[in-house]
Amino acid sequence: MENTTTVISREELEELQEAFNKIDIDNSGYVSDYELQDLFKEASLPLPGYKVREIVEKILVVADSNKDGRISFEEFVSLIQELKSKDISKTFRKIINKKEGITAIGGTSSISSEGTQHSYSEEEKVAFVNWINKALKEDPDCQHRLPMNPNDGSLFKCLADGIILCKMINLSEPDTIDERAINKKKLTPFTINENLNLALNSASAIGCTVVNIGAQDLKDGKPHLVMGLLWQIIKVGLFADIEISRNEALIALLKEGEELEELMKLSPEELLLRWVNYHLTNAGWNNISNFSQDIKDSKAYFHLLNQIAPKGDWEDEPTIDIDLSGFNETNDMKRAEYMLKEADKLGCRQFVTPADVVSGNPKLNLAFVANLFNTYPSLHKPNNNDIDMSLLEDLTPPNVGESKEERTFRNWMNSLGVHPYINHLYSDLADALVIFQLYEMIRVPVNWSHVNKPPYPALGGNMKKIENCNYAVEIGKNMANFSLVGIAGQDLNEGNATLTLALVWQLMRRYTLNVLSDLGEGEKVNDEIIIQWVNQTLKSAKKKTSISSFKDKSISTSLPVLDLIDAIAPNAIREEMVKRQNLSEEDKLNNAKYAISVARKIGARIYALPDDLVEVKPKMVLTVFACLMGKGLNRIK
């Protein structure tokens, strides 16, 4: 049979890589079918809607070789070859050339030994620099780097010692990093590397995808990787309070006839859109459906600012008047500038310039709106007797909505680059697509032809999801040999917390043990082997601590962990930071914080929290010792 596959030239390959990188904003190496559909829309292809849908369907049938709903760059190139799409390639070229401020950076790709191009947005770099300059302005540990110049390459040089990255992670998720573990003075290549490892492993622990990023990439200041990581860290902070468990006032966004449970399933992006439209409705203005095309004229923003600006309703609250005269300006760019001057009155002129608004940069406009929400949400918890408030019983202390265990599992999944991103553990696992991806990551095969994929039909859609969940349980029992007694597909679909977590824990445990088996050249690893290794390593280093199991009460002091770290990486632990005698609960927590941060600093990718050590939670304790064992074996190899 004659081979009719179109040959992709180096120039076309570079253009396709540019296009791919523009959609793959988190640098995960994958895009979804939804993102590709958005790309076709942005590309303004001269194709009717049905043709675009046909192409997207073909992507799933032809390009998505492993049927996981995600497209790698290799699969993307195969699709272009399959479609012989010179027109699409040309259109991508037009898009890229139209985008002002796109800076090309030479990079390499497995696709071509000749090299490909990576890009980053100049506008986004400026926005991130300004945000960091403001956020860390008063931090004494950053004075040697700040303020950075947004108009040159300062960002990539200033982040190269890891200090600012660590600080930004703590701003986004407080107490993730124990500041005592950050190397701040008399930096050497080795201590800089430790800082970068600490930043990467801590970013992973808060749910950032860092699969394709290493300390050397950050040290070298590779712009597209630095920008991708930085955006993820910033977004974690911006979105932290945009969930009902942390902000019950969001209940005001319930639509008539809508169940609270449905609102709780919305992602932060969807909640932000709902929030903007709530205020636009109150202003009598048209609702928006995105943060790109629909906000380009700034008019929705004018109304939003006017609605959220303080009206002096509370004691000691100043009134901030929004001047709407710029609303009638005929020039879009001037109108955007007038709007941003009003945003500045609220202290919220961040992330966007007039050009970013007019061009409809979706990422920067999303950040702009998130910052507005965090500063002036202007929502009040409704007194509505029709709302089933029993759903909020778990949203009050000490549970605060999402348990620490649930958040740990969710961050672990997101750090691996699963699609879709997990915002809410149970609702986002309800169709089992992420579970199938995790099975493949632990080397359990999935027959993707047996998997139903979105969009699901309006009628019978949930049955399709239950079929997926049934298949996920079947794989777990028959292929992975998991203990799933009493667990049915419907339990996963309905979000039964206990049973869903039972499966997720076994996935995480297998993933962790697989890493150890690889380092041990295929030797099967179990709890006993890990405990034996820990005790032997401690003994060889002449340490006095040991553990009898992952339930050993001595683990609550974190001393066995700290001693093991010192045995693996001598001099990593500063003994003056460790409390060993007459430990109070606060002392135990401080030891645990220090232990986890130093473990990440020496290269162990730990997801457990300090509380897990203090409370001696066996599951999470296992992962800590397993990760340290992995680090120890890796050093030997």
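The model shown is predicted, which means the values in this text are computed figures rather than measured ones. (Residues numbered from 1 in each chain as written. Predicted model: local features only at pLDDT ≥ 70, side-chain atom pairs only at ≥ 80, totals over all residues. Heavy atoms only, no water.)

A.B. asks: Honestly, the packing of helix α20 (residues 433-441) against helix α23 (residues 497-519) in this entry has me stumped. Any pointers?
C.D. replies: Axis angle and axis distance: for two packed helices, these are the angle between their axes and the distance between the axes, and together they describe the pair. Put simply, α20 and α23 touch, their axes get as near as 10 Å, and they point 25° apart. The angle between α20 and α23 falls in the class roughly parallel. Here α20 and α23 pass one another in a crossing that is left-handed. On α23, the residues touching Ile435, Leu438, Tyr439 and Met441 of α20 are Leu503, Leu507 and Tyr511. Looking at the contact of α20 with α23, its residues break down into 7 nonpolar, no polar and no charged. (Axes fitted to C-alpha atoms, helices over the stretch in contact; angles between N-to-C directions. Helix = DSSP H or I, 4+ residues; strand = E, 2+ residues; numbered from the N terminus. Parallel < 35°, antiparallel > 145°, perpendicular 65-115°, else oblique. Left-handed = near helix turned anticlockwise from the far one by under 90°. Contact = heavy atoms within 4.5 Å. Nonpolar A, V, L, I, M, F, W, Y, C, P; charged D, E, K, R; others polar.)

A.B. asks: Sorry, what's going on with the packing of helix α25 (residues 559-568) against helix α26 (residues 585-601) here?
C.D. replies: Running from N to C, α25 and α26 point in directions that differ by 30°, and their axes come no closer than 9 Å. Relative to α26, α25 is oriented roughly parallel. Note on packing geometry: the crossing formed by α25 with α26 is left-handed. Contacts from Leu559, Val561, Leu562 and Ile565 in α25 reach Asn591, Tyr594, Ala595, Val598 and Ala599 in α26.

A.B. asks: Looking at this structure, I do not really get the environment of Val504. What am I missing?
C.D. replies: With respect to the secondary-structure elements, Val504 resides in helix α23. As a C-alpha pair, Val504 and Leu438 span 66 residues in sequence and 9.2 Å in three-dimensional space. Not counting the four nearest positions on each side in its chain, Val504 is found in contact with Phe409, Trp412, Met413 and Leu429.

A.B. asks: What exactly am I supposed to notice about helix α14 (residues 299-308) here?
C.D. replies: Residue pairs spaced three or four apart in an α-helix point in one direction, given the helix's 3.6 residues per turn. Burial analysis of α14 places 7 of its 10 residues in the buried class, which makes it a mostly covered element. Taken as a whole, α14 has its buried residues at Ala300, Tyr301, Phe302, His303, Leu304, Leu305 and Ile308. Residues of α14 that are buried sit in contact with α13 (268-282), α15 (332-345), α16 (354-359) and α17 (362-375). (Buried < 20%, exposed > 50% of the residue type's maximum accessible area, 1.4 Å probe, protein only.)

A.B. asks: Whenever I open this one, the pattern of salt bridges confuses me. Can you help?
C.D. replies: Two side chains bearing opposite charge may form a pair once their charged atoms approach each other closely. Summed over the entire model, instances satisfying the criterion amount to 28 salt bridges. Linking Lys345 and Glu342 is a salt bridge whose minimum nitrogen-to-oxygen distance equals 2.8 Å. Remark: Glu342 and Lys345 occur in helix α15; sequence separation between them is 3 residues, near one turn of the helix. By sharing partners, the salt bridges in this structure join Asp139, Asp141, Lys167, Glu179 and Lys184 into a single network. (Salt bridge = Lys/Arg side-chain N within 4 Å of Asp/Glu carboxyl O.)

A.B. asks: Would you explain helix α9 (residues 189-205) in this entry?
C.D. replies: Helix length check: α9 (17 residues) gives 24 Å between terminal C-alpha atoms against 24 Å at 1.5 Å per residue, within 8%. The element α9 is largely enclosed, with a buried count of 14 among its 17 residues. Positive phi appears at Gly207, one or two residues downstream of α9, with a value of about 100°. (Expected span 1.5 Å × (residues − 1).)

A.B. asks: Just to check I follow, could you spell out the nonpolar core for this structure?
C.D. replies: As a rule of thumb, nonpolar side chains are buried together in soluble globular proteins. Ranked by internal contacts, the top residues of the largest apolar core, which has 180 residues, are Trp275, Phe436 and Tyr439. Ranked by residues supplied to this core, first place goes to helix α11 (residues 223-239) with 11 residues. Here Trp275 is in contact with Leu253, Leu304, Ile308, Val369, Leu372, Phe373, Tyr376, Pro377 and Leu379, once residues within four sequence places are set aside. (Core = buried A, V, L, I, M, F, W, Y, C linked by side-chain atoms within 4.5 Å.)

A.B. asks: Got a minute to help me understand the side chain of His279 in this structure?
C.D. replies: Along the polypeptide, His279 turns up in helix α13. Setting aside residues up to four positions removed in sequence, His279 forms contacts with Leu304, Gln307, Ile308, Pro377, Ser378 and Leu379.

A.B. asks: Help me out: how do you make sense of the confidence of the model for the protein chain in this one?
C.D. replies: Model confidence for the protein chain is summarised by a mean pLDDT of 84, while 77% of its residues fall at 70 or above. pLDDT under 50 marks residues 41-49. Its contacts with residues more than four places away, or in other chains, come to 9 contacts. The model gives residues 394-400 a pLDDT under 50, and that stretch makes 11 contacts with residues more than four places away or in other chains. (pLDDT = per-residue confidence, 0-100.)

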